[in-house]
Amino acid sequence: MVRRDAAVAAMALVFGAAAAYESSKLPFGTVHNPGPGFFPWWTSAVIVLLASILLFQALRSRSSTAREGPGRIAKVAALLVALSVYTFLLDPLGYPLCTFLLVLFMLRATDPQRWAVALSMAAITAVGSYIVFAIWLSVPLPWGSLLG
Amino acid sequence: MDVLNNLATGFAVALTPINLLYCFLGSFIGTAIGVLPGIGPPATIALLLPVTYGIPATSAVILLAGIFYGAMYGGSTTSILLNIPGEAASVVTCLDGYQMARQGRAGAALAISAFGSFIAGTLSVVGLMLLAPPLASFALKFGPPENFALLVLGLMMVGYLAGESMTKGLMMACLGLLLGTVGLDPIMGTQRFTYGVFKLSEGFEFILVAMGLFGIGEVLVNVEQTIKAEVFQTKIRGLLPNREEWRTSAAPIARGSLLGFFIGVLPGGGAIISSFISYALEKKLSKHPERFGKGAIEGVAAPESANNSAATSSFVPLLTLGIPGNASIAMIFAALLIHGVRPGPLLVAERPEVFWGLVASMYIGNIMLLVLNLPLIGLWVKLLRVPYPLLAPLILVFVLIGAYSVNNSVFDVGITIAFGLFGYLMRKFNFEPAPLVLAMILGPQLEASLRRSLIYSRGDLGVFFERPIAATLMALALLMLLSPVFRWVLSRKLSETVGPVSEPTGEAGDKSDSTSK
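Counting restarts for each chain: residues are numbered from 1 in the order of the written sequence. As a convention, the first chain written is A and the first ligand written is 1, with the rest following in written order. Thresholds applied to this predicted model are a pLDDT of at least 70 for local features of residues and 80 or more for the giving and counting of side-chain atom pairs; totals over whole chains, interfaces and linings are not thresholded and use all residues. With hydrogens and water set aside, each side-chain value is computed from the structure's full complement of heavy atoms.

Peer 1: Before we move on, could you go through the overall build of chain A and cite the residues and values that matter?
Peer 2: Within chain A one finds five helices and zero strands. Listing every helix and strand of chain A by position from the N terminus yields α-α-α-α-α. For every residue, the accessible area obtained with a 1.4 Å probe (protein chains only) is divided by the maximum for its type, and the residue is called buried under 20%, exposed over 50%, and partly exposed between those limits. Residues classed as buried in chain A amount to 41% of the 148 residues present. Accessible area of chain A: about 8,100 Å², with a carbon and sulfur share of 74%. Helix numbers and strand numbers start at the N terminus; a helix is a DSSP run of H or I with at least 4 residues, a strand a run of E with at least 2. Each accessible area is a Shrake-Rupley estimate made with a 1.4 Å probe; only the visible protein chains count as cover when residues are assessed.

The following block contains the structure:
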């Protein structure tokens, strides 16, 4: 998995270079009177330098430093998709319903529990947190524009 | 006695019913998340940051500090009973603690770590109380060049100590600095990196970044790994160590407290490293080092004392120099800023009620924690039976509500989730999140002090190397920066003479190695 380390270092390198380019659009000022672009430019330059060192190290070494676990990347990806969907549906569907669905998803798809456990946990979490935060602590959590 | 007078003021603040309640809540939540593997103090403090918006600064810092040092108490319980560290700072406690439990001495192990934590925590508060005010008045003499040098040294130490690769640590620090520049320029007010997005002109909200990196990031990592927890089936009886056990533990507790205090003061030092070093130290000093790993009570007493002591003493650089040494302390920094209290040399003098109130609350909190962790230990053992899959959705929901509540905005929830993904990827590739959050919070100060210094010196970089304090700090920073090179040269020399040396693999070996030099 040396390639993965190298790929990460290369990405950091590209990022640093892009940041340096973006910083160069800001007024740099002079050393006597540094402008807004001065600090970001130097910081980006250091990132480029560090990323080059990492890239060099990754290409030279034979072992990977990346954490290799049993890996259930599919579940992580699924959860991330669910979270993104949650964000998009929060306004139209409202907090209670979205939260119910999210918790249900987690308890059925990421770490499967029995239906009874999953359903009751999801309902308790959604309703309970809505009562505590929206009603007691008056956080204006969306109720859902579609539900009126 | 000035100190006693001030302390009396502090107790007057800390003993008000509302602050006692926050102190208890902090200790209680701290113990709970200490016991639970899969959620650590930085994540918890990030989750509770929005809650602290509505309460006074002193109460907020009492609550959050309680969570931080309380977690050090709780972490050992899981290590001893489950052989899984409840907190990163209790990793070494597994070695001997779990063995003790298997030999039927779980009670003694739990008790000695609670007593050790209490003694160390209390001694460390004494140290904090005596050391902080003089250090703060010394730091008052600092001008922009000294501040810049200090911040550079602080970030360097965090990058050096926080993870296994200094290059990665420093890169995360630079990334944090860059994130900190988004928004208005601190001196001229120019818009930077906002790309016309109005919401970005105030910069990335620290709290969203913190909740994403620590809250969501940790949940994602844990979802991937699944924590399997099985409580060691044993009757916990005899919660008091016998005289023999006390005698063997007394010196390790004292040494652990002292060691922890000094390591905790260093930025990037803190609880985790101190526990490893104190374990290694006890093993080295012991007449029977072979007992370590097989249930030696010193192997529980020393690191548990050290991590508590370090947790408390890491407030020293925060409250005197304005430098947060680890991620949890960075969150507390943010909480104080939100309340308009700037941590730094002026804090003790200008807001004595915050400083002395916190100190007094720490004395009280340690007593509360001793009670919570000894007579009530059964409660936490029950909590351990809650499976992580049921906990994960609760943590997530809490983060999502917290993110939303900062500005009542769904957009913020999206930003938090994006940083969650980033935090997950960072951990996958062994990048530490701590240097990033520290740098992000210190970035504006670092930039302002650099630019002010250069304006003052008319562009002469000598300003950082001519003034004695700045020069000393810079020299230390440089030494730290070059240390990997020294180590590399040294290991090459060694391998030429002795043949190939294996790289230190264990985290414990690596950490104690690099810091004891």
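Peer 1: Would you mind going over the overall build of chain B in detail, with residue names and values included?
Peer 2: Scanning chain B from terminus to terminus reveals 23 helices and two strands. Against the compact-globule benchmark of 24 Å for 517 residues, chain B has a radius of gyration of 22 Å, which places it among compact chains. Each principal axis of the C-alpha atoms in chain B carries an extent, and together these give about 70 × 60 × 55 Å. Out of the 517 residues in chain B, the part that is buried amounts to 62%. Across chain B, every contact between residues at least 6 apart in sequence was considered, and the portion connecting residues at least 24 apart equals 79%. In the structure as shown, chain B presents an accessible area of about 19,500 Å², 67% of it carried by carbon and sulfur atoms. Counted charges follow a simple rule, with Lys and Arg positive, Asp and Glu negative, and His plus the chain ends left uncounted. Where a charge lies is defined by one atom per residue type, namely NZ (Lys), CZ (Arg), CG (Asp) and CD (Glu). For chain B, the distance from the average position of its 32 positive side-chain charges to the average position of its 29 negative side-chain charges is 5 Å. Computation of the radius of gyration draws on C-alpha atoms, with the globule rule given as 2.2 Å multiplied by the number of residues to the power 0.38. Contact definition: two residues touch when any of their heavy atoms are within 4.5 Å.

Peer 1: Can you lay out the packing of helix α4 (residues 57-82) of chain B against helix α5 (residues 93-102) of chain B for me, pointing to particular residues and giving the numbers?
Peer 2: All names here are of chain B. α5 packs onto α4 with a crossing angle of 55° between their chain directions and a minimal axis gap of 6 Å. When the interaxial angle is binned, α4 and α5 end up oblique. As α4 packs across α5, the resulting crossing turns out to be right-handed. Each of S76, S79, I80, L81 and L82 in α4 lies in contact with α5, whose residues at this interface are T93, C94, G97, Y98 and A101. Note on geometry: axes are lines fitted to C-alpha atoms, helical ones only across the stretch in contact, with angles between N-to-C directions running from 0 to 180 degrees. Should an angle lie under 35 degrees it is considered roughly parallel, over 145 roughly antiparallel, and from 65 to 115 roughly perpendicular; all remaining angles are considered oblique. Note on convention: near helix rotated counterclockwise from far helix by under a right angle means a left-handed crossing. Clockwise means right-handed.

Peer 1: Now, about the side chain of S286 of chain B: what can you tell me, with residues and values included?
Peer 2: Residue and element names in this part refer to chain B. Along the chain, S286 falls in the loop between α11 (270-285) and α12 (298-313). Given the relative accessible area of 16%, S286 is considered buried. Within polar-contact distance, the side chain of S286 engages the backbone nitrogen of H288 at 2.9 Å. Residues in contact with S286, not counting those within four places in the same chain, are F292 and E298. Here a polar contact means two N or O atoms within 3.5 Å. Within protein one must be a hydrogen donor candidate and the other an acceptor candidate, and residues neighboring in sequence count only if both atoms are side-chain atoms.

Peer 1: So what about the interface of chain B and chain A? Which residues, and what values?
Peer 2: By convention, interface size is frequently given as the accessible area that disappears when the constituent parts associate. On the side of chain A, 60 residues touch chain B, which itself brings 54 residues to the contact. Buried area is calculated as the accessible area (1.4 Å probe) missing from two parts once they are joined, with the contributions of both summed. Surface buried jointly by chain B and chain A totals about 5,200 Å² across both partners, of which 77% is contributed by carbon and sulfur atoms. Its largest share of buried area at the contact with chain A, chain B owes to M171, I401 and F429 of chain B, together 11% of the area lost on that side. When a carboxyl oxygen of Asp or Glu is within 4 Å of a side-chain nitrogen of Lys or Arg, the pair counts as a salt bridge. The interface formed by chain B and chain A includes zero salt bridges. Taken together, the links from chain B to chain A amount to five residue pairs in polar contact (both at pLDDT 80 or more). Among the elements of the structure, α8 (166-181), β2 (191-192), α9 (206-225), α18 (388-407), α19 (410-428) and α20 (433-457) of chain B are those that each provide at least two residues to the side of chain B that touches chain A. Considering every element that reaches the side of chain B that touches chain A, the biggest residue donor is α18 of chain B, with twelve residues. Classes in brief: Ala, Val, Leu, Ile, Met, Phe, Trp, Tyr, Cys and Pro nonpolar; Asp, Glu, Lys and Arg charged; the others, Gly included, polar. A breakdown of the residues in the side of chain B that touches chain A according to their chemical character gives 34 nonpolar, eleven polar and nine charged.

Peer 1: I'd like to hear about the side chain of N308 of chain B, residue by residue, with values.
Peer 2: Residues and elements named next belong to chain B. Structurally, N308 is set in helix α12. Since its relative accessible area comes to 0%, N308 is described here as buried. Discounting residues that sit within four places of it in the chain, N308 has contacts with Y69, M72, Y73, S117, A120, G121 and N366.

Peer 1: Which residues make up α19 of chain B, and what values do they have?
Peer 2: Residues and elements named next belong to chain B. Between its first and last C-alpha atoms α19 spans 27 Å; for 19 residues at 1.5 Å apiece the expected length is 27 Å, and the two agree. Measuring from the backbone nitrogen of F411 back to the side-chain oxygen at the start of α19 gives 3.2 Å, which picks out S409 as the cap. At the exit of α19 stands N430, carrying a positive phi of roughly 60°. The span you would expect from a helix comes to 1.5 Å times its residue count less one.

Peer 1: How would you summarise helix α3 (residues 41-52) of chain B if you had to cite specific residues and measurements?
Peer 2: All names here are of chain B. Its twelve residues place the ends of α3 15 Å apart at the C-alpha level, agreeing with the 16 Å of an ideal helix rising 1.5 Å per residue. The buried count for α3 comes to eleven of twelve residues, which makes it a mostly enclosed element. All of the buried residues in α3 are P41, P42, A43, T44, I45, A46, L47, L48, L49, P50 and T52.

Peer 1: Summarise unusual backbone geometry; cite the residues concerned and give the values.
Peer 2: All names here are of chain B. Located in the positive-phi region is N83, a residue other than glycine, with phi close to 65°. Relative to the helices and strands, N83 is located in the loop between α4 and α5. By relative accessible area, which is 36% here, N83 ends up partly exposed. In this structure, N408 takes a positive phi of about 50° despite not being glycine. Topologically, N408 is positioned in the loop between α18 and α19. You can call N408 partly exposed: its relative accessible area is 37%.

Peer 1: I'd love a proper account of the packing of aromatic side chains, names of residues and values included.
Peer 2: For Phe, Tyr and Trp, rings pair up if their centres lie within 6.5 Å, where Trp contributes its six-membered ring, and each pair is then called stacked (planes under 30 degrees apart), edge-to-face (over 60) or tilted (otherwise). According to the stated counting rule, one finds 17 aromatic pairs over all chains in the structure shown. Relative to F38 of chain A, the ring of F28 of chain A lies with its centre 5.4 Å away and its plane at 55°, an arrangement referred to as tilted. Note that F28 of chain A is positioned in the loop between α1 (2-24) and α2 (38-60) and F38 of chain A in helix α2, a separation of ten residues in sequence. A cation sits over an aromatic face here: K168 of chain B above F431 of chain B, 4.8 Å from the ring centre. A ring is considered to have a charge above it if a Lys NZ or an Arg CZ atom is located within 6 Å of its centre and within 35 degrees of its normal.

Peer 1: Let's hear about the nonpolar core: which residues, and what values?
Peer 2: One recurring pattern in soluble globular proteins: nonpolar side chains tend to sit buried together. Throughout this description, the term nonpolar core refers to a set of buried Ala, Val, Leu, Ile, Met, Phe, Trp, Tyr and Cys residues connected via side-chain atoms within 4.5 Å. Among the nonpolar cores identified, the biggest contains 197 residues, and L141 of chain A together with F206 and F315 of chain B are the most heavily contacted of them. Among the elements that line this core, the one with the most residues is α4 of chain B, at 14 residues. Ignoring sequence-local partners within four residues, the contact set of F315 of chain B consists of A65, F68, L128, I329, I332, L358 and M362 of chain B.

None of the figures reported here should be taken as evidence of function without further support.
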